[in-house]
Each structure stands twice: as C-alpha cells, then as structure tokens.
Amino acid sequence: GPMSWLRGGRGFTLIELLIVVAILGILATIGLALYVNVQARGRIGRATADVRTLTSAVGVYSAHMGAIPTAGEGLDVLAAVATNAKGHAAGPFLNVVPAPPAGGSPVWPSAYLYQPDIAPGGAAAPGRFVICAAGDGVIAHSASGTSSCP
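Basis of the calculations
Residues numbered from 1 in each chain as written. Predicted model: local features only at pLDDT ≥ 70, side-chain atom pairs only at ≥ 80, totals over all residues. Heavy atoms only, no water. Helix = DSSP H or I, 4+ residues; strand = E, 2+ residues; numbered from the N terminus. Buried < 20%, exposed > 50% of the residue type's maximum accessible area, 1.4 Å probe, protein only. Salt bridge = Lys/Arg side-chain N within 4 Å of Asp/Glu carboxyl O. Polar contact = N/O pair within 3.5 Å; in protein donor to acceptor, adjacent residues only side chain to side chain. Contact = heavy atoms within 4.5 Å. Disulfide = S-S within 2.5 Å. Expected span 1.5 Å × (residues − 1). Pairing = 2+ DSSP bridges. Axes fitted to C-alpha atoms, helices over the stretch in contact; angles between N-to-C directions.

### A closer look at the environment of Gly103
Thought 1: Mapped onto the secondary structure, Gly103 falls in the loop between strand E2 (89-90) and strand E3 (113-118).
Thought 2: Look at Gly103 and you get partly exposed, because its relative accessible area is 34%.
Thought 3: It is 24 Å that separates the C-alpha atoms of Gly103 and Ala143, two residues lying 40 residues apart in sequence.

Here's what the structure looks like:
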C-alpha cells in the first residue's frame, strides 16, 4: 500500500532538509546584499550624472548671461528663459532642475547644494561655483575627487 513507500527509507532525513534550508538562506542573503548594492550604485550614478548636467547648464547660462547664477537665484534660474544685458533671450537651460535620488544610507538631501563664488574646499573664488550632494556614503561633486560638500 501507500505506507510501504515511506518505510522503504527513500525519503530525506531531517539533517538533509536542514542543510538544504540553510543553503537556501545563505543564497537569499547573498542575493539581497547584491540587490541593495546595485540600488546604491544606481543612486550614486544618477547623482553624479545630475551634478554633471547641472554644472554644464551653469556653464551655458554663464556664457549667455556673462555671470554665474547668484546664491539668491540658485539653480532654479536654469529652468527659465534668461535675457542677457544685450537683450538676447535664451533658455531654459534645463527642462527641470533635478533633485537628488530618494533613499540611500545615509539619505540624500532633497536638493543639490549650489554655492556661487566658492572654489572646491570652501575658499572664496569669484566666478567659480560648487554643486554637490552627499548620500550613500559618497559625495557627488562638480569638482570630481573632492571629499567635502562644499
């Protein structure tokens, strides 16, 4: 009958089942760690690309206007039409000013930091600027290799 198959000894022992469950747990842990790492690298890549885009837009804006945006104008001025001293209109230089990626550990801020007339590291430098944000343990900075924001 059906019970004779169970007595035949062809099933799995408790130890074998525990080993299989332990191996599956280890594989799941490795998979989750890799998934979290890929997400963090994606956020870092996006922030780095955003900072490059913003830096380029500030360069185009300053070529048109003859000066970089002021602290009061901030980065939002890049998403508007700007008229220079000669009466020439140009822009918007960006469709939308990007926000840093959501999430992270530590969490990214809600907006990129823009400081005009400052060199990387914080020294006064007319005409220069810093764009940066920190999150996921890294700093996306307009001056690559800079370890502080600003």
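Additional details are given in the paragraphs that follow.
### Remarks on the pattern of salt bridges
Thought 1: Summed over the entire model, instances satisfying the criterion amount to two salt bridges.
Thought 2: With its nearest N and O atoms 2.7 Å apart, the salt bridge here joins Asp136 to Arg43. With Asp136 in the loop between strand E4 (124-135) and strand E5 (138-141) and Arg43 in helix H2 (residues 14-65), this pair connects stretches of sequence that are 93 residues apart. Grouping residues by exposure puts Asp136 and Arg43 together as buried.
Thought 3: In this structure, Asp50 engages Arg46 in a salt bridge whose closest nitrogen and oxygen atoms are separated by 3.6 Å. In this pair, Asp50 and Arg46 are both assigned in helix H2, four residues apart and thus about one turn of the helix distant.
Thought 4: Its relative accessible area of 39% is what places Arg46 among the partly exposed residues.

### Points about the side chain of Asn84
Thought 1: Looking at where Asn84 falls in the secondary structure, it is placed in the loop between strand E1 (82-83) and E2.
Thought 2: From its side chain, Asn84 meets the backbone oxygen of His64 in a polar contact 3.1 Å long.
Thought 3: Polar side-chain contacts of Asn84 include one of 2.9 Å to the backbone nitrogen of His88.
Thought 4: Setting aside anything within four residues of it in sequence, one finds Asn84 in contact with His64 and Met65.

### A word on the state of the cysteines
Among covalent bonds in proteins, the disulfide is the one between the sulfur atoms of two cysteines.
Thought 1: Enumeration according to the criterion identifies one disulfide in this entry.
Thought 2: One disulfide bridge connects Cys132 with Cys149, the sulfur atoms lying 2.0 Å from each other. Negative torsions about the S-S bond denote left-handed disulfides, and the value of about 85 degrees found for Cys132 with Cys149 makes this one right-handed. Of the two residues, Cys132 sits in strand E4 while Cys149 sits in the segment after E5, which places them 17 residues apart along the sequence.
Thought 3: Residue Cys149 is classed as partly exposed on the basis of its relative accessible area of 31%.

### Considerations on H2
Thought 1: The terminal C-alpha atoms of H2 lie 76 Å apart, and with 52 residues this matches the ideal 76 Å at 1.5 Å per residue to within 8%.
Thought 2: Within two residues after H2, Gly66 carries a phi angle of roughly 85 degrees, on the positive side.

### Comments concerning the sheet that holds E5
Thought 1: Pairing is antiparallel in the open sheet, where three strands are placed in the order E3-E4-E5. Pairing within the sheet leaves two strands with one partner each, and these edge strands are E3 and E5. Across this sheet, the average inter-strand angle for adjacent strands is 30 degrees, counted without regard to direction.
Thought 2: Lying over the sheet, H2 contacts E3, E4 and E5, oriented at roughly 160 degrees with respect to E4.

### Some points on the pairing of E5
Thought 1: The sheet contact formed by E4 and E5 spans four bridges and is antiparallel. Bridge pairing in E5 links Gly135 to Val138.
Thought 2: Hairpin geometry of E4 and E5 is characterised by an intervening segment of two residues between the two adjacent antiparallel strands and by a positive phi of about 55 degrees at Asp136.

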